[in-house]
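# Geometric and topological summary
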Amino acid sequence: WKVTVARTSLDKFTYQMIFPYLSIYIVALGASATQLGMVNSVGMIMAGLLGPFIGWLIDKNGPKRLYVIGISLLALSYLTYGIASVWTVTLIAMMVYWVGHSISTHSCATVCGNCLANKDRATGMMICETLAAGLLGMAGPVLATWMVSQSGGVNIGGIRPLFYAGLIITIGTFIIVLTQLSGRKWTKE
C-alpha cells in the first residue's frame, strides 16, 4: 500500500504539472478546438474499451506486471508529447497516456483493495488521496508555472520541459514499483 501511495502521489503531481498546459500545447502545435477534443476523446474511449480486458489480465498475471506496463506507457506518452512537432503526434501520446493511466489505476486499486483490511480500506484510500490530490496535487501547478516561465513562457518551447520532467518523475515511479512492490497475486478464497 505504501508503494502505491508513493507512486500515485508522484503521478498526480506530474499530471497536475502538465494538465493546465496540455491544451495550450496541442493548439500551439496546430490543432483546432475540434481536433483538441478529438485527441482527448479517442484516448479515453480506447482506455474505456480496454478496461475489462485489463481487469482480466490483472487477475491472471497479478497487478505488479500490469502496473509496470501501465507506468511504462505513461513514460512513453510523456516522451511522445515532448518530441511532438505537430499536433497529430499528440493524438498518439494521448491514446498511450489514457491506456497507461487505465492500466496503472486498475493495478493500483487492486493492490490497495487487497493490501488493506476492510476496516482500514476507506481510511487508507483517503490518506492516499489527501497526499496525492491534496498536497502534491497543489504543488504541481506551482512548480509548472515556475518551469514554464523559466523556459520562455506559455508557448511550445516553454511548455515542452514539463513533459520531460513528467518523464523523469514517471521513470522514478517505475523504479519504485519495480523494486519495492511485491509480485503477489491474490486468488479467490
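The text that follows walks through the structure, step by step, so that each part is easy to find. (Residues numbered from 1 in each chain as written. Predicted model: local features only at pLDDT ≥ 70, side-chain atom pairs only at ≥ 80, totals over all residues. Heavy atoms only, no water.)

## A look at the overall build of the protein
Secondary structure summary: the protein contains 6 helices and 0 strands in total. Each helix (α) and strand (β) of the protein, taken in turn from the N terminus, gives the series α-α-α-α-α-α. Here the C-alpha radius of gyration of the protein, 17 Å, is about what a compact globule of 189 residues would show, namely 16 Å. Relative to its full complement of 189 residues, the protein shows a buried share of 42%. Element-wise, carbon and sulfur atoms account for 69% of the exposed surface of the protein, whose accessible area totals about 9500 Å². Once the 12 positive and 5 negative side-chain charges of the protein are each reduced to a mean point, those two points are 7 Å apart. (Helix = DSSP H or I, 4+ residues; strand = E, 2+ residues; numbered from the N terminus. Rg over C-alpha atoms; globule rule 2.2 N^0.38 Å. Buried < 20%, exposed > 50% of the residue type's maximum accessible area, 1.4 Å probe, protein only. Areas by Shrake-Rupley, 256 points an atom, 1.4 Å probe, with all protein chains shown as cover. Lys, Arg positive; Asp, Glu negative; His and termini not counted. Charge placed at Lys NZ, Arg CZ, Asp CG, Glu CD.)

## Some remarks on the environment of W87
Locating W87 in the fold gives a position in helix α4 (residues 87-115). Residues W87 and A144, spaced 57 residues apart in sequence, show a C-alpha to C-alpha distance of 21 Å. Beyond its immediate chain neighbours, meaning those up to four positions away, W87 contacts I26, L29, G30, A31, Q35, M38 and V39. (Contact = heavy atoms within 4.5 Å.)

## Some points on the nonpolar core
Within the largest apolar cluster, 31 residues are counted, with the highest numbers of intra-cluster contacts made by M17, I26, Y78, Y81, M94, L162 and F163. Elements represented by at least two residues in this core include exactly α1 (2-28), α2 (33-61), α3 (63-83), α4, α5 (118-150) and α6 (156-180). A per-element tally of this core places α1 first, with 7 residues. For Y78, the contacting residues outside a window of four places in its chain are T14, Y15, I18, Y97, F163, G166, L167 and T170. Grouped together as the second largest cluster of nonpolar side chains are 8 residues, V68, C108, V111 and V177 included. (Core = buried A, V, L, I, M, F, W, Y, C linked by side-chain atoms within 4.5 Å.)

## Comments concerning the pattern of salt bridges
Tallied over the entire structure, the rule returns 1 salt bridge. A salt bridge links R7 to D11, with the shortest nitrogen-to-oxygen separation between them at 3.5 Å. In this pair, R7 and D11 both sit in helix α1, 4 residues apart, roughly one turn of the helix. Neither residue differs from the other here; R7 and D11 are each classed as buried. (Salt bridge = Lys/Arg side-chain N within 4 Å of Asp/Glu carboxyl O.)

## Regarding the packing of α1 against α3
It is the contact of α1 with α3, at a shortest axis distance of 12 Å, that shows an interaxial angle of 25°. Comparing the axis directions of α1 and α3 gives the class roughly parallel. Once α1 is placed against α3, the crossing between them reads as left-handed. Residues T4, R7, T8, D11, T14, Y15, I18, L22, Y25 and I26 of α1 pack against Y67, I71, L74, Y78, Y81 and G82 of α3. Class assignment of the residues belonging to the contact of α1 with α3 gives a composition of 10 nonpolar, 4 polar and 2 charged. (Axes fitted to C-alpha atoms, helices over the stretch in contact; angles between N-to-C directions. Parallel < 35°, antiparallel > 145°, perpendicular 65-115°, else oblique. Left-handed = near helix turned anticlockwise from the far one by under 90°. Nonpolar A, V, L, I, M, F, W, Y, C, P; charged D, E, K, R; others polar.)

## Observations regarding the environment of A84
Relative to the elements of secondary structure, A84 occurs in the loop between α3 and α4. With 41 residues separating them in the primary sequence, A84 and G43 have C-alpha atoms 17 Å apart. Not counting chain neighbours up to four residues away, the residues in contact with A84 comprise Y25, L29, V89, T90 and R160.

## A look at α1
For α1, with 27 residues, the first-to-last C-alpha span of 39 Å sits near the 39 Å given by 1.5 Å per residue. The largest bend in α1 comes to about 45°, at Y21. (Expected span 1.5 Å × (residues − 1). Bend = angle between axes of the 7 residues up to and from the residue.)

## A few points about the packing of aromatic side chains
This structure, assessed with the given rule, holds 7 aromatic pairs. Note on F53 and W56: the rings are 5.8 Å apart at their centroids and 25° apart in plane angle, and the pair reads as stacked. Pair noted here: F53 and W56 are both in helix α2, with a separation of 3 residues, about one helical turn. Judged by relative accessible area, which is 45%, F53 ranks as partly exposed. Among the aromatic residues, those joined into a ring-pair cluster are Y15, F19, Y78, Y97 and W98. (Phe/Tyr/Trp six-rings, centres within 6.5 Å; stacked < 30°, edge-to-face > 60°.)

Interpretation in functional terms is not warranted from these geometric data alone.
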